[in-house]
Structure formats: C-alpha cells, structure tokens
Amino acid sequence: MHLKNIHQVLRDEFQNIRHQVQNLDAEALARNAGFLRRRPRKIPIVDLLLALVALASESFLTLERVASVIALASQLSYSKQALHKRLTAATERFLAQTATALFGQLPEARSRLRGLLDPFGRVLLHDSTVETLPEHLAKIFPGSRNQRKGFAALKIQFITDLLSAQVLQVSLSGFTRNDQAAAPDILEVAQPGDLIIRDLGYFVLRAFQWIAEIGAFFVSRFRADVTLYDARTEQPLNLAAELRRHGGFDQKVLLGPLKLPVRLVALRVPEAVANERRRKAKQSRDQRSRPSSKRLFLLGWNLLITNVPKSVWPARVVAAIYRLRWRIEMIFKAWKSHLGLRQFHCHSANVLRLSVMTKLLFCALVYRCCQALELLCGRLDRHISLQRLARIMAAYACVVEAFLLEITPEKLWEDSLAHHAFYEQRYDRKNFCKLLAEVYSK
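Just so it is clear, the structure is predicted and the values come from calculations on it, not from any experiment. (Residues numbered from 1 in each chain as written. Predicted model: local features only at pLDDT ≥ 70, side-chain atom pairs only at ≥ 80, totals over all residues. Heavy atoms only, no water.)

## Structural notes on helix α13 (residues 326-338)
Two residues of an α-helix separated by three or four positions point the same way, owing to the 3.6 residues in each turn. Helix length check: α13, at 13 residues, gives a terminal C-alpha distance of 18 Å against a target of 18 Å (1.5 Å per residue), a fit within 8%. Of the positions making up α13, those classed as buried are I328, I331, F332, A334, W335 and K336. Residues of α13 that are buried in the fold lie against β1 (123-133), β3 (150-161), α14 (349-377) and α15 (386-395). Note on α13: the residue one or two positions beyond its end, G340, has a positive phi of about 70 degrees. (Helix = DSSP H or I, 4+ residues; strand = E, 2+ residues; numbered from the N terminus. Expected span 1.5 Å × (residues − 1). Buried < 20%, exposed > 50% of the residue type's maximum accessible area, 1.4 Å probe, protein only. Contact = heavy atoms within 4.5 Å.)

What follows is the structure, encoded as structure tokens:
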C-alpha cells in the first residue's frame, strides 16, 4: 500500500463532494426545506452551500467567518448581517437534507458484502448523542430541570448505513424528546430487506411492529420489565424459570400487550460481567428502581430480540451482530473528541443550528472517507481507524477547506489573515491597543 494511493482516494472523495454540490439542485433543496422562499438576489445558493461544506472543517465558526468564506466562494461581497437575516429554523432542515444528498451509498460497498449480512439490503444504525447548552436556549432546546429552573441540552439523532457510510437522517431536538419518541423516525428511511440495530432506548413495541410490517428486520436488547407470553399457548412466560431449567433460550415469544411475535435469544455472560452489572444496579440512586432478585438473575444474561429467523442466524450470531452497534458509539466519539462537535456558536438558536449542522457535514465527510479508504486498504488486510483518521483530518482541516474551495492553502491563509486578524470596530468598548494608546498619550 503506497501512501500516494491513500492520498488519491481522499482527493477523489473531496473532488466528488465538490462536484456533487455543484450538480445538486440546491435551490429546490432549499425551497423544499423552507430555507429559500424567493430567487436569491445576490449569492447563488450553490456557492453558499459549497462555502458551508468547506467551512465544516473549521473548529469554531462565527458569522463573520461564515460570511467571508461565502464571499470567497462566490467572488462577491457578503456581510455577516446579511447572513444573520437569512438564518431561520429551516437552516437545520436544509443542511440535514444536504448531508443525505451528498453522502449517499459508496458504489463498491455492496459488491464487497459477503457472509452473515448478505441477506440484507442495508444495515441501519440509529442512535443519539447529547450536549449541554447555555441556559438562554432552554425554551427551544429544553433539557432536564429542577425546582428552580430548566436547563438546555441538544440531542442529535443520527441514522446511517453501517456498510456504506451513507447518511440517511440527521435531526436536532431538545433533550426532552427522548429516544423512545424518536423510535418511529427510522420508518422515514427504512426499506424492505433492511436490518435495523438500535439500543434499549428505542425499545417501543409499536415501532418493532411497524418495522416488521414493511418487511424490514431488527435486532435489539430486550427490556426485562416487558411481559412475555408463550407463542403457542399465549400464557405468561417466566423467563427466569426457563433459563434456570434449560441454561439458555432461543424461541419465538409474544411481547407485551400487543403480543408482538419475536424471537427471544438469551445467552449467559461471563460471571465477572454479570457481577459488574449487578453492582451497578444495586448502586442506583433511584430508590424506586432497586432491582428484584429476578432482575439481578437476568443481569447474568444477554437478552436480545429479533425477527431474523434461526435459519439465517443461530443464537450466537445474533449476539455478534448486535455488537456491531458499537460502531455508532465510536462515530460519536470521533466527532466529539477530534472533530470539534462540542464547540458550538450559541448566540441564538438559529446560529446554533447553523454551527451544529455545518460541523455535522464535516463529521459525515470524515466518516465517509474512512469507509472509502477501508474499501481500498481492507483488500490488503490493513484497516482504517476512524479515531486516527478523524484526528489527522482535524489537524489538516485547512487543506480540506482549500481543496473544496479550489484555492491553495496559502490563499486561504491570506484571506483569513486579511479578514479576521483585526479587532472589530466597536463603539461600546475599547480594545487593548486603544487603551494602551490612551496611556501613552497622557
């Protein structure tokens, strides 16, 4: 594997993204999202979009910086005041639709698919991540609250295809819209033959039913407080007793009041793992959730539900497939630890939406590049680390930005110095240099 090959793959990805932006019907996308209501008077929407994609690599965005790069991309003057007027709640929808339009399926991803996942069209991961916000945003992005005040928190819902790094959906909300409320979101993108892997937060019986009805498949952890029924007799089923009697479980059962037919798989975990789970359960601060002896016993098992039949996967494979869900946790870790997803401009809700969604474009780009490199390097048994690639691309983000804008890094540096190295003209306070000059003049 030559270094130039890896470099060329990344250049090809950047060039492809640039061409996609230029060929995108950006005006139709903006109108559909409500971001654009009339024909742009000055800045073409394609140039604005290209600037936002290029800016996505920068760690901290200000309106002044965004406006100057839009001007650079369009070769026209553009002020931060004009940009601020353009920002609305529709900014989020516009950039979310842009992400799904730009980061579609990698052409080679499906052709390399073999083995246990071959029967499925796509493997969809759905999860969320939360970041705290300043309190002045609590009404729009509500978080937890106590008796005195409410806090602000941002929840990002993200749906992706594990195999192709295709971005299927991105949305923002307050923390109070929990994962159970977001469980039906998957139906907006799921197709017959898809496999959906989600954690316990999305455990909603009606959502499982809807997924099955469209011909898709799911794997999820089982929530132990849901009533089980025998699939043949429809009588209540004591799972703990069945596990003590047989030492394992892999049968069709009926779940909850819907009596939803699913396959329940129970596999014993190592004793050390079981003991650690029980220790954490006993240390819960919520006195109402003190675990019963039955609950403590079930913590010694991995409990999973699926509608994939035994003829496709034996029990051990179900557990191995569910572990693939951890990939989305690594995606969020790369975004937060290396790609600046925690660094938002929080002046107002609309500025925050621009800041978050623009950053997510870069996060999605890095994720996509990782998958493209893996298609190349995996053939030679060398595998790409998402964390390490994210760290490298963050360090050389200005190179990515310059490439997308079709200018040299030197030109980008010169433009940044010319526009952003000076104090702003302020009439409400004096900068250090003015204060120092006053001292000398006295």
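## So, the pattern of salt bridges
Counted according to the given criterion, the structure contains 23 salt bridges. Two residues, K149 and E135, come together in a salt bridge whose shortest N-O distance is 2.8 Å. A residue pair is termed long-range when its members are at least 10 positions apart, and K149 in the loop between β2 (142-145) and β3 and E135 in the loop between β1 and β2 qualify at 14 residues. For K149, a relative accessible area of 32% gives the class partly exposed. (Salt bridge = Lys/Arg side-chain N within 4 Å of Asp/Glu carboxyl O.)

## A word on the side chain of N431
For N431, the position within the fold is in the loop between α17 (409-420) and α18 (432-441). Here the side chain of N431 touches C433 through a polar contact of 3.0 Å, landing on its backbone nitrogen. (Polar contact = N/O pair within 3.5 Å; in protein donor to acceptor, adjacent residues only side chain to side chain.)

## Remarks on the packing of aromatic side chains
On inspection of all chains with the given rule, the structure shows eleven aromatic pairs. Ring centres 4.8 Å apart and planes at 10 degrees place the aromatic pair F35 and F94 in the stacked group. In this pair, F35 is assigned in the loop between α2 (26-33) and α3 (45-55) and F94 in helix α6 (residues 90-102), connecting sequence segments 59 residues apart. Considered together, F35 and F94 belong to a single accessibility category, that of buried residues. Directly above the ring of F297 sits R244, whose terminal nitrogen or CZ lies 4.0 Å from the centroid. For K259, the ring lying beneath its charged end belongs to Y229, and the centroid distance is 4.7 Å. (Phe/Tyr/Trp six-rings, centres within 6.5 Å; stacked < 30°, edge-to-face > 60°. Lys NZ or Arg CZ within 6 Å of the ring centre and 35° of its normal.)

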